[in-house]
Amino acid sequence: MARPLAGGRLGIETPATFEVRVRTTSATETIALGDRLGRVARPGDLVCLWGDLGAGKTQVAKGVALGLGIDATITSPTFILMAEYPGRLPLFHVDLYRLADAADALAGGVVDDRQADGLTVVEWPERMGDVLPADRLDVRIEGTGDDPRTIAVEARAERYRRYVDAAR
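On a predicted model such as this, the values are computed, not experimentally measured, just so you know.

A. Examining the overall build of the protein more closely. Counting its regular elements, the protein contains four helices and nine strands. In sequence order, the protein lays out its α and β elements as β-β-β-α-β-α-β-β-α-β-β-β-α. Each of the 168 residues in the protein was classed as buried or not, and the buried ones make up 47%. A separation threshold of at least 6 residues defines the contact pool for the protein, and within that pool the share at least 24 residues apart is 66%. Accessible area for the protein stands at about 8,600 Å²; split by element, carbon and sulfur atoms hold 52% of it.

B. Examining the side chain of Glu 154 more closely. Inspection of the secondary structure assignment puts Glu 154 in strand β9 (residues 149–155). Within the structure, the side chain of Glu 154 is placed 3.0 Å from the side chain of Arg 156, a separation counted as a polar contact.

C. Layout of the side chain of Asp 45. With respect to the helices and strands, Asp 45 occurs in the loop between α1 (27–39) and β4 (46–50). With a relative accessible area of 1%, Asp 45 lands in the buried category. Within the structure, the side chain of Asp 45 is placed 2.3 Å from the side chain of Arg 162, a separation counted as a polar contact. Beyond its immediate sequence surroundings of up to four residues, Asp 45 is in contact with Gly 118, Leu 119, Thr 120, Arg 159, Tyr 160, Arg 162 and Tyr 163.

D. Broad picture of the packing of α1 against helix α2 (residues 57–67). At a minimum axis distance of 6 Å, the contact between α1 and α2 shows a crossing angle of 45°. On the basis of their axis angle, the class for α1 and α2 is oblique. Between α1 and α2 lies a crossing whose hand is right-handed. Every residue of α2 that contacts α1 at Ala 27, Thr 30, Ile 31, Gly 34, Asp 35, Leu 37, Gly 38 and Arg 39 is listed here: Gln 59, Val 60, Lys 62, Gly 63, Val 64, Leu 66 and Gly 67.

Reading the values: the criteria
Residues numbered from 1 in each chain as written. Predicted model: local features only at pLDDT ≥ 70, side-chain atom pairs only at ≥ 80, totals over all residues. Heavy atoms only, no water. Helix = DSSP H or I, 4+ residues; strand = E, 2+ residues; numbered from the N terminus. Buried < 20%, exposed > 50% of the residue type's maximum accessible area, 1.4 Å probe, protein only. Contact = heavy atoms within 4.5 Å. Areas by Shrake-Rupley, 256 points an atom, 1.4 Å probe, with all protein chains shown as cover. Polar contact = N/O pair within 3.5 Å; in protein donor to acceptor, adjacent residues only side chain to side chain. Axes fitted to C-alpha atoms, helices over the stretch in contact; angles between N-to-C directions. Parallel < 35°, antiparallel > 145°, perpendicular 65-115°, else oblique. Left-handed = near helix turned anticlockwise from the far one by under 90°.

In structure tokens:
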């Protein structure tokens with residue numbers, strides 16, 4: 001939908017976003033945040049985990065798995081691109097760290113029809129470039145090592161607002 005901008009120009013209206021920032025001081029707290037997110041997950045949801053190496057993306061994914069009732073050991077699937085875990089919803093844990101761009105991601109099979117029935121969690125989503133859907137939940141992690149983390153949980157569409165509420 002087009003809307004007027006300053007100077008009479010037309011712009012494309014972007015979806016509303018909802019955000020909360022959470023501070024965690026340990027891996028246990030980061031996992032607990034992920035657990036709260038996993039508890040509100042619905043089929044077809046996409047959660048993108050943003051942050052530097054060592055930021056805690058996999059810790060959030062471990063917590064999401066707990067929230068889905070998954071008791072398997074969750075590790076970063078860097079060498080296999082995607083790991084699937086059965087739970088209340090299937091968890092599709094994708095790690096794009098070793099890929100260069102969206103073409104590599106798509107050729108690697110990270111988009112799969114089965115994902116419509118589960119929750120897809122993507123580490124290093126920036127590797128998807130322009131093919132990354134706008135309708136998603138972004139979890140942006142600032143901090144590394146033993147430092148506290150500031151984690152922004154951003155719903156990029158109304159349907160993801162429940163995650164922001166769960167993160168509070």
